[in-house]
Amino acid sequence: MKTPPTGSPHNAATILTGHRISGGTGTPAERLCHRHLTDLGAQPHPGDHRDLTLTTGDTDPLTIGVDWAGPLRPGPVDEVTTQARCGLMAVHGRREGTGPRRIGVDYATTAAGVLATTAALAALLARTRGRRTTHVATSVTEAALLCVSHYLATATAQDDDPHPLPALITRGTPPPFQSADGIRFEIECLTPDSWHRLWTLLGAPARAAARSWLTFDIRFPRAEALLPDELHTTTRTHPFTEITSAALQAGAAVSRLRDHQDRITELGLRRTGARVGPPWSITPLTGHRPPPTTTDRHPPPAGEHPLAGLHVVELGRRIQGPVTGMVLHRLGATVTRIEPPGGDPHRGFPPMAGDCSAPFLALNRGKHVAHADLRTPHGRDTVMDLIRTTDVFLHNLAPGKPAELGLGESTLTTLNPRLVYAQASAWNGTPGPAPLHGTDFIVQAYAGLGETLRPPGEPPAPSLMTLLDFLGGLLTAEGVLAALLAREHDGHGRRVESGLLPAADVLQAPILEALATGREHGRRAGRPAWTALDRPLRTADGWLAIPSATTATHLHRATGTTGTDDLTALLTTDSATTWAQRLRAADIAATPVCTDLADLGRDPEMAPLLHHDRAAFVRSPWRFHRPTP
């Protein structure tokens, strides 16, 4: 497999030429925003601004604020307390079913950095279209809630006619699997036939394979997958080569859980000064007729949102593509989803919020729908009519599928040379480790996240939370905004691609770069070096999280104990809420750990961040400030 473009020079590095970026690199989210803006061509510049500040020419500076808590008071103060307060630990912990677990990367912080960059690009784009914006703001808390929004909608749905899923397996062991020669690996099957065929070839008990398909298939929306131990026993009787051969015959995919060194080598990080490259490829489309002049562009209609007046056609499935469309819609674009006659089947996935699936609505509320059977000329003509006048075409189809449907890049950009053709992919323009299906958990395994997420002493394992699907969708939206901004300057359309593997690289970039140079801090061989205090702590009625900078000495002082007292035992003597209040009074910003996302929907402190309509939906995570007339 060739080295992915995330480690290569790119063609987006001139989009922000002439802009200077200064100030505000005190938090990881700010540093990521700064990094992505410089990847797009902004020049670092000394400055004493508290917030990140973009300047160019004589125009007003654009300040970019990204804090921890946003409007939530009292709120999280770091990654640990954000994961705890906003339900990320709860979702990530579903894999084992033993309680909340901390995600071993700065996931919420990374998402916030991407959202801050996206807001900045949207504000710059709005300026080119006559809307002055001087300040944009988001927070790590709002980013975290957005990333669990589909799980939150599921947990809070008020389904008047619940249709429970068939009985799922409640006892067993989650993936990954292990082979006879000790290789840990993930499996992906996209159809029940493929699943049953694989286990038949491996000699697994037929009943175990049959009763486990549904549990395996819906691990994406549920973040859990307890599979029969007979399946794990079966894989331990076969060497990995036999398992990969059986998967190939069955139309399934397997990927061993690779380590950090594999990815470091692929990305070329052993070279002096090497770094993980940008998470998107953005390519000008200049092979068609000359671009229109600025006088051909229609002024945008009046509106508060920066993308008002822009149009997006989305052919998105499951999570990653719809997340990209959701971001663009929330920024003001009119998004039209292409769905088959009768609608997307996921609209009926329980629980329901009214007449539509609650998790589906979390990602697709407010979008328009055009029904089209893409296997027919009439269906394709329906899409072509939309493409002629749209600004963005977005999809997350499998490689080769758009061309098969007559929706390939060359076809659509010939029809509309100003089109931004965006793909939320798995492997970001590379063939991937063929013949792997590019899904979240396979890419987590391939990228080495199994090691990154868990401390030494625990076997590596990907998360069953859709970490990469959601972050990949956010990154693709970020790339689309950069492409639209570039188009405003030269009139040319762009091809944009990002996705799952770039998302994994963004999550791990500081870790991989530090590991490659021998400058690790707070990690051991790329894995989180946690003490007992860095994990959720048991209380009398639940769990408590304390900020990562808190030491045992701080806790002893706050609790009036000595170094010989067992702090973890002490915390079990009272409730999480009581301990949080006591520790906050001692200037330790502890927080109870959310273990049931339904509690978030009932929490009055969360009310400013949520909208209730038969389920709890997360509000847009940005604030755009325009100068007072």
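How each quantity is defined
- Residues numbered from 1 in each chain as written.
- Predicted model: local features only at pLDDT ≥ 70, side-chain atom pairs only at ≥ 80, totals over all residues.
- Heavy atoms only, no water.
- Helix = DSSP H or I, 4+ residues; strand = E, 2+ residues; numbered from the N terminus.
- Buried < 20%, exposed > 50% of the residue type's maximum accessible area, 1.4 Å probe, protein only.
- Contact = heavy atoms within 4.5 Å.
- Areas by Shrake-Rupley, 256 points an atom, 1.4 Å probe, with all protein chains shown as cover.
- Lys, Arg positive; Asp, Glu negative; His and termini not counted.
- Charge placed at Lys NZ, Arg CZ, Asp CG, Glu CD.
- Pairing = 2+ DSSP bridges.
- Axes fitted to C-alpha atoms, helices over the stretch in contact; angles between N-to-C directions.
- Core = buried A, V, L, I, M, F, W, Y, C linked by side-chain atoms within 4.5 Å.
- Salt bridge = Lys/Arg side-chain N within 4 Å of Asp/Glu carboxyl O.
- Polar contact = N/O pair within 3.5 Å; in protein donor to acceptor, adjacent residues only side chain to side chain.
- Parallel < 35°, antiparallel > 145°, perpendicular 65-115°, else oblique.
- Left-handed = near helix turned anticlockwise from the far one by under 90°.
- Nonpolar A, V, L, I, M, F, W, Y, C, P; charged D, E, K, R; others polar.
- pLDDT = per-residue confidence, 0-100.
- Phe/Tyr/Trp six-rings, centres within 6.5 Å; stacked < 30°, edge-to-face > 60°.
- Lys NZ or Arg CZ within 6 Å of the ring centre and 35° of its normal.

Colleague: Even after reading the chapter, I still don't get the overall build of the chain, so can you show me in this structure?
Modeller: A count of helices and strands for the chain gives 25 helices and 25 strands. Reported as C-alpha extents along the three principal axes, the dimensions of the chain are approximately 75 × 60 × 60 Å. Here the chain holds 629 residues, and the buried ones make up 58% of them. Residue pairs at least 24 apart in sequence account for 77% of intrachain contacts in the chain once pairs closer than 6 positions are excluded. Only carbon and sulfur atoms are counted for the fraction: they give 52% of the accessible area of the chain, which is about 24800 Å². Between the averaged position of the 61 positive side-chain charges in the chain and that of its 61 negative side-chain charges there is a distance of 2 Å.

Colleague: Teacher, can you tell me more about the sheet that holds strand β10 (residues 311-315) here?
Modeller: Within a sheet, adjacent strands bond to each other through the backbone by hydrogen bonds, running parallel or antiparallel. Sheet architecture is open: 7 strands sit in the order β9-β17-β16-β15-β10-β11-β14, paired in mixed fashion. Sheet topology places β9 (281-285) and β14 (368-371) at the edges, where each strand pairs with a single neighbour. Averaged over all neighbouring strand pairs, the angle between strand axes comes to 20 degrees, with direction disregarded. For strand β11 (residues 334-339) and β14, the ladder comprises 4 bridges, and the chain directions are parallel. Its bridge partner lying in β14, T336 is registered against H368. Each of β9, β15 (392-395), β16 (420-425) and β17 (493-499) is contacted by helix α20 (residues 467-490), which is oriented at about 165 degrees to β17, the strand it contacts most.

Colleague: Looking at this structure, how should I read the nonpolar core?
Modeller: A general feature of soluble globular proteins is that nonpolar side chains tend to end up buried together. One finds Y107, F470 and L474 to be the most contacted residues of the largest nonpolar core, which totals 105 residues. Ignoring sequence-local partners within four residues, the contact set of F470 consists of Y107, L146, C147, S149, H150, I319, V323, M326 and L363. Of all hydrophobic cores here, the second largest spans 22 residues; its members include C189, L198, A208 and L227.

Colleague: In this structure, what is going on with the pattern of salt bridges? I would like to understand it.
Modeller: Where charged atoms from two side chains of opposite charge come close, those side chains can pair. Counted under the stated rule, the structure contains 33 salt bridges. The salt bridge involving R50 is made with D51; its shortest N-O contact spans 3.9 Å. Residue R50 is classed as exposed on the basis of its relative accessible area of 73%. For R222, the salt bridge is made with E224, and the minimal N-O distance between the two is 3.2 Å. Overall, the relative accessible area of 27% leaves R222 in the partly exposed class.

Colleague: Got a minute to help me understand the side chain of D78 in this structure?
Modeller: Within the fold, D78 resides in the loop between β4 (62-67) and α2 (79-85). Here D78 sits buried without a salt bridge, and the closest side chain of opposite charge, R102, lies 6.8 Å off (N-O distance). Within the structure, D78 has its side chain in polar contact with the backbone nitrogen of V80 (distance 3.3 Å). Contacts of D78, omitting those with residues within four sequence positions, involve W68, P547 and S548.

Colleague: Teacher, can you tell me more about the pairing of β15 here?
Modeller: Judged by which residues are buried, β15 turns out to be covered on both faces: V392 and L394 on one side and F393 and H395 on the other are all buried. Pairing of β10 with β15, which is carried by 4 bridges, proceeds in the parallel orientation. Bridge assignment links E314 to a residue of β15, and that residue is L394. Sheet topology places β15 next to β16; 4 bridges connect them, and they run parallel. Following the sheet pairing, V392 is matched in β16 by V420.

Colleague: What am I meant to see in helix α18 (residues 440-447) here?
Modeller: Residues three or four positions apart in an α-helix share a direction because the helix packs 3.6 residues into each turn. By the criterion of burial, α18 is predominantly enclosed, with 8 of the 8 residues buried. Restricting attention to buried positions, one finds in α18 the residues D440, F441, I442, V443, Q444, A445, Y446 and A447. Just downstream of α18, G448 is the residue with a positive phi angle, here 90 degrees.

Colleague: Help me out: how do you make sense of the packing of helix α4 (residues 107-128) against α20 in this one?
Modeller: Between two packed helices, the angle of one axis relative to the other and the distance separating the axes together describe the packing. Between α4 and α20, the least distance of the axes is 9 Å, while the angle of their chain directions is 20 degrees. Accordingly, the angle class assigned to the pair α4 and α20 is roughly parallel. Handedness of the α4/α20 crossing: left-handed. Contact residues: α4 offers Y107, T110, A111, V114, L115, T117, T118, L121, A122, L124, L125 and T128, while α20 offers L467, F470, L471, L474, L475, E478, L481, A482, L484, L485, E488 and H489. Along the lines of polarity and charge, the residues of the contact of α4 with α20 split into 17 nonpolar, 5 polar and 2 charged.

Colleague: Explain the confidence of the model for the chain here, please?
Modeller: Looking at the chain as a whole, its pLDDT mean stands at 91, while 93% of the residues score no less than 70. Low confidence marks residues 1-10, where pLDDT is under 50. Its contacts with residues over four positions away, or in another chain, come to 31 contacts.

Colleague: Which parts of the structure should I look at to understand unusual backbone geometry?
Modeller: Glycine aside, negative phi is the norm for most residues, and most peptide bonds take the trans geometry. The amide bond that connects R73 to the next residue, P74, takes the cis arrangement and shows omega of -10 degrees. As for its placement among the helices and strands, P74 is situated in the loop between β4 and α2. Of note, the amide linkage connecting P350 to P351 takes the cis form, showing an omega dihedral of 0 degrees. The backbone phi angle of R318 is positive, close to 55 degrees, even though this residue is not glycine. Its location among the elements puts R318 in the loop between β10 and α13 (320-330). By relative accessible area, R318 is classed as partly exposed at 47%. Within the chain, D587 stands out as a residue other than glycine whose phi angle is a positive 65 degrees. Summarising the element assignment, D587 is placed in the loop between α24 (576-585) and β22 (591-592).

Colleague: Is there a simple way to think about the packing of aromatic side chains in this case?
Modeller: Each aromatic ring pair is described using two quantities: the centre-to-centre distance and the angle formed by the ring planes. Throughout the structure, instances matching the rule amount to 10 aromatic pairs. On the numbers, 4.3 Å between centres and 25 degrees between planes, the contact of W195 with F216 is stacked. Here W195 is found in helix α7 (residues 192-202), whereas its partner F216 is found in helix α8 (residues 206-217), with 21 residues between them in sequence. Centroid distance W213 to F216: 6.1 Å. Interplanar angle 40 degrees. Geometry classified as tilted. Taken together, the residues span about one helical turn, with W213 and F216 both in helix α8 at a distance of 3 residues. For the pair formed by W213 and F216, the shared burial category is buried. By the ring-pair criterion, three or more aromatic residues cluster together here, those being F177, F185, W195, W199, W213, F216 and F240. Taking the ring centre of F216 as reference, the NZ or CZ of R219 above it sits at 3.8 Å. In this structure, R258 packs its charged tip against the face of Y446, placed 3.7 Å from the ring centre.

Colleague: What is the right way to read the sheet that holds strand β7 (residues 184-188) from this model?
Modeller: Judged by pairing direction, the sheet is antiparallel, and its 3 strands sit side by side in the order β6-β7-β8 without closing on themselves. Only two strands of the sheet have a single neighbouring strand rather than two, namely β6 (177-178) and β8 (253-256). Of the strand pairs in this sheet, β7 and β8 are connected by 4 bridges, and their pairing is antiparallel. The residue of β8 that forms the bridge with E186 is S255. Strands β7 and β8 of the sheet are contacted by helix α11 (residues 240-250), whose axis makes an angle of about 150 degrees with β8. Here α18 sits on the sheet and contacts β7 and β8; the angle it forms with β8, its principal contact strand, is near 30 degrees.

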